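The chain contents come next:
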Amino acid sequence: MALETDFIVIGSGIAGLRASIELAQAGAKVSVLTKSKTSDSNTEWAQGGVAVVLSDDDNAELHEDDTLIAGAGLCDEEAVTTLVVEGTRYIKQLIDWGTEFDREGGNLVFTQEAAHSRRRILHAHGDSTGKEIVRALVARARQEDSINLLPFAHVEKLLVMDQRCVGVRFLDPILKAPRDIFARGVVLCTGGAGQLYQHSTNPPVATGDGMAMSYFAGAELADMEFVQFHPTALNIENAPRFLLSEAMRGEGAVLRNALGKRFMGDYDDRLELAPRDIVSRSIVSELRKTGTRTVFLDITQKSEEFLRHRFPKIYETCKYFDLDISKDLLPVSPASHYTMGGVRTDLWGRTTITGLYAAGEVTCTGVHGANRLASNSLLEGLVFGARAGKAALQDSQNWAVDSGRWTADTDRSETNPQSDRIATSVRKRVKRVMWERVGIVRDEGSLKRALSEFKQISKSSLSNASRNFVTLAKLVTEAALWREESRGGHFRSDKPEQIENWAIHSIQKRGAKIGSAETLDFKPEKVIDRAV
Ligand code: SIN
């Protein structure tokens, strides 16, 4: 018998948990499907913190301006105002729900990150902000009897009937077979696609499945060419790139090249706190100049006591690699970190498919434009997760759960299981091509070569997961080739200038040529914003 619920939420990061709570508070039954453990998400890994206007010397306009400047002309101003203004309310609510941000003498403490004009970043347990937020949200979600958390339930496909998303197909972890579940609405909160690249700060689950599934279901994707590379990932041979938070530079860490020279002054007056894309490209240039594979982060001017308290996780992780952050220079290089593009939504998380909502990194809401301001992503997941929940509730009042009419079952045959070994080698090859040809610096030639490699890979017989992965890589590459300028996280060495006429969004849809839109808000309907 088909499974039925009121709403399906895919993903258990900040956006998914917040959307689920919103839905459950209204009495709806919610199934939260997540492909690994509930705590396996980019949110859980977030170190630096969450940007929010709460300190006495800050205001919404300043936070909005910083976000718009970082976004390099592609932010949607209404989306940014929504993020900043509602963000403060939702963070206060998160504190009411038991989130323990770091305090001194009872007062919240704020740190500095690049391109923020104020110290406005809240953090928890020093550098484990995401983990603390997930803890508090999971505890809050567990108070709602109607939320059913389903870990290890990998969603493979969105089920669309009569142009409405009516459910999903997932791999049942107990039956070890595909199974369908139907609902009045589906909220996609599957996170980003950092794992498309050979070097990434993201957890292994960040493979962009939600973006690929939406594309195959007929939804529009926007701004896929904009990928953010974090400048300072710990660079240890054969180890995954562990993030060394930007907050370290906010607290005074400097960058040195292999000769020990502090080099950021040669590139930008804002030094180590210049926007991430500038710092990442400066590092690439420095590596080329010195013919080395790494630069170094130096925070040795701070005391061991301060560092152990302020960055306990980073301190311990570096120690594991025999590095004492109070004494040693830390080898770092850039790694993919955040996907600015994603499933196109309006300001209420509606996608271009009826019944399909989305929130968090999987989306392109217009909040981040061409480059995300540091620590705006947790805030986005919180605000737009709640909003997507509200919109799904309101829109679906007259929609039934319609499993009985679902007959398009033939596509089970699409599943073409590959051996794990082949799937891993496809993934490895795609990641290498993305890193080498569609990375921090791209050009027409490298992008065309990447596309032809992806075409080759696509000719082999692929599992759904591998097909999703290669398709997403192709979409990023096509969008990067289409945008004949440089802006924010997208840098073309053959088109290095930002060009006014290109202040438009790329739009990709299955079966159509890549197109553009001046604004992302395709359906500016409003739902009543019940105050938090
Ligand atoms: C960091 O801690 O450097 C990451 C923060 C972010 O990406 O927003």
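Keep in mind that what you see is a predicted model, and the values were worked out from it rather than measured.

So, how was this worked out
- Residues numbered from 1 in each chain as written.
- Predicted model: local features only at pLDDT ≥ 70, side-chain atom pairs only at ≥ 80, totals over all residues.
- Heavy atoms only, no water.
- Axes fitted to C-alpha atoms, helices over the stretch in contact; angles between N-to-C directions.
- Helix = DSSP H or I, 4+ residues; strand = E, 2+ residues; numbered from the N terminus.
- Parallel < 35°, antiparallel > 145°, perpendicular 65-115°, else oblique.
- Left-handed = near helix turned anticlockwise from the far one by under 90°.
- Contact = heavy atoms within 4.5 Å.
- Nonpolar A, V, L, I, M, F, W, Y, C, P; charged D, E, K, R; others polar.
- Salt bridge = Lys/Arg side-chain N within 4 Å of Asp/Glu carboxyl O.
- Buried < 20%, exposed > 50% of the residue type's maximum accessible area, 1.4 Å probe, protein only.
- Polar contact = N/O pair within 3.5 Å; in protein donor to acceptor, adjacent residues only side chain to side chain.
- Phe/Tyr/Trp six-rings, centres within 6.5 Å; stacked < 30°, edge-to-face > 60°.
- Lys NZ or Arg CZ within 6 Å of the ring centre and 35° of its normal.
- Pairing = 2+ DSSP bridges.

Novice: Explain the packing of helix α13 (residues 444-459) against helix α14 (residues 464-482) to me, using residue names and the numbers behind them.
Specialist: Across the interface, α13 lies against α14 with an axial gap of 10 Å and an inter-helix angle of 155°. The angle between the axes of α13 and α14 places the two elements in the roughly antiparallel class. α14 is crossed by α13, and the crossing has left-handed handedness. For the pair α13 and α14, the contacting residues are Glu-444, Leu-447, Lys-448, Ala-450, Leu-451, Phe-454, Ile-457 and Ser-458 in the first and Val-470, Ala-473, Lys-474, Thr-477, Glu-478, Ala-480 and Leu-481 in the second. Tallied by class, residues from the contact of α13 with α14 come to nine nonpolar, two polar and four charged.

Novice: Go over the pattern of salt bridges with me, naming the residues and quoting the values.
Specialist: In the structure shown here, the tally under the stated rule is 34 salt bridges. For Lys-390, the salt bridge identified is with Glu-22, shortest N-O distance 3.3 Å. Of this pair, Lys-390 sits in helix α11 (residues 377-395) while Glu-22 sits in helix α1 (residues 14-25); the two residues are 368 residues apart in sequence, bridging distant segments of the chain. Each member of the pair Lys-390 and Glu-22 is classed as buried. A salt bridge links Arg-350 to Asp-395, with the shortest nitrogen-to-oxygen separation between them at 2.8 Å.

Novice: With reference to specific residues and values, describe the side chain of Asp-6.
Specialist: Turning to its location among the elements, Asp-6 is positioned in the loop between β1 (3-4) and β2 (7-10). Separated by 2.8 Å, the side chain of Asp-6 and the backbone nitrogen of Lys-29 make a polar contact. Apart from the residues lying within four places of it in its own chain, the contact partners of Asp-6 are Ala-28, Lys-29, Ala-183, Arg-184 and Gly-185.

Novice: Please set out the packing of aromatic side chains residue by residue, giving values where relevant.
Specialist: One pass over the structure, following the stated rule, counts seven aromatic pairs. With 6.1 Å between their ring centres and 65° between their planes, Phe-229 and Trp-435 make a pair best called edge-to-face. With Phe-229 in strand β15 (residues 227-234) and Trp-435 in helix α12 (residues 420-437), this pair connects stretches of sequence that are 206 residues apart. What makes Phe-229 buried here is its relative accessible area of 4%. Under the relative-accessibility criterion, Trp-435 is labelled partly exposed at 23%. Through a chain of ring-to-ring contacts, the aromatic side chains of Tyr-197, Phe-229 and Trp-435 assemble into a single cluster. Just above the ring of Trp-97 sits the side chain of Arg-140; from NZ or CZ to the centre is 5.0 Å. Positioned over the ring face of Phe-216 is Arg-467, at 4.1 Å from the centre of the ring.

Novice: I'd like to hear about unusual backbone geometry, residue by residue, with values.
Specialist: Located in the positive-phi region is Gln-163, a residue other than glycine, with phi close to 60°. Structurally, the position occupied by Gln-163 is in the loop between β10 (154-161) and β11 (164-172). Located in the positive-phi region is Leu-271, a residue other than glycine, with phi close to 55°. Tracing the backbone shows Leu-271 in the loop between β17 (254-256) and α8 (276-290). Residue Leu-271 is classed as partly exposed on the basis of its relative accessible area of 31%.

Novice: Which residues make up the sheet that holds β17, and what values do they have?
Specialist: Strand order in the open sheet formed by five strands is β16-β15-β19-β18-β17, with antiparallel pairing between adjacent strands. Edge positions in the sheet fall to β16 (242-243) and β17, since each has one partner strand and no second. Alignment of β17 against strand β18 (residues 295-298), held across three bridges, turns out to be antiparallel. Within the sheet, the bridge partner assigned to Leu-255 lies in β18 and is Leu-297.

Novice: Residues and numbers for the sheet that holds strand β24 (residues 515-517), please.
Specialist: In a beta sheet, neighbouring strands pair by backbone hydrogen bonds and run either parallel or antiparallel. As summarised here, the arrangement of the five strands in space is β22-β20-β14-β23-β24, forming an open sheet in which the pairing is mixed. The open sheet has two edge strands with one neighbour each: β22 (363-364) and β24. Direction of pairing for strand β14 (residues 221-222) relative to strand β20 (residues 342-344): antiparallel, over a ladder of two bridges. Across the sheet, the residue bridging to Leu-221 is Val-343, located in β20. Across the face of the sheet, helix α6 (residues 209-217) comes into contact with β14, β20 and β23 (505-508) while running at roughly 45° to β20. Its contacts with the sheet put α14 on β14, β23 and β24, and the angle it makes with β23 is roughly 140°.

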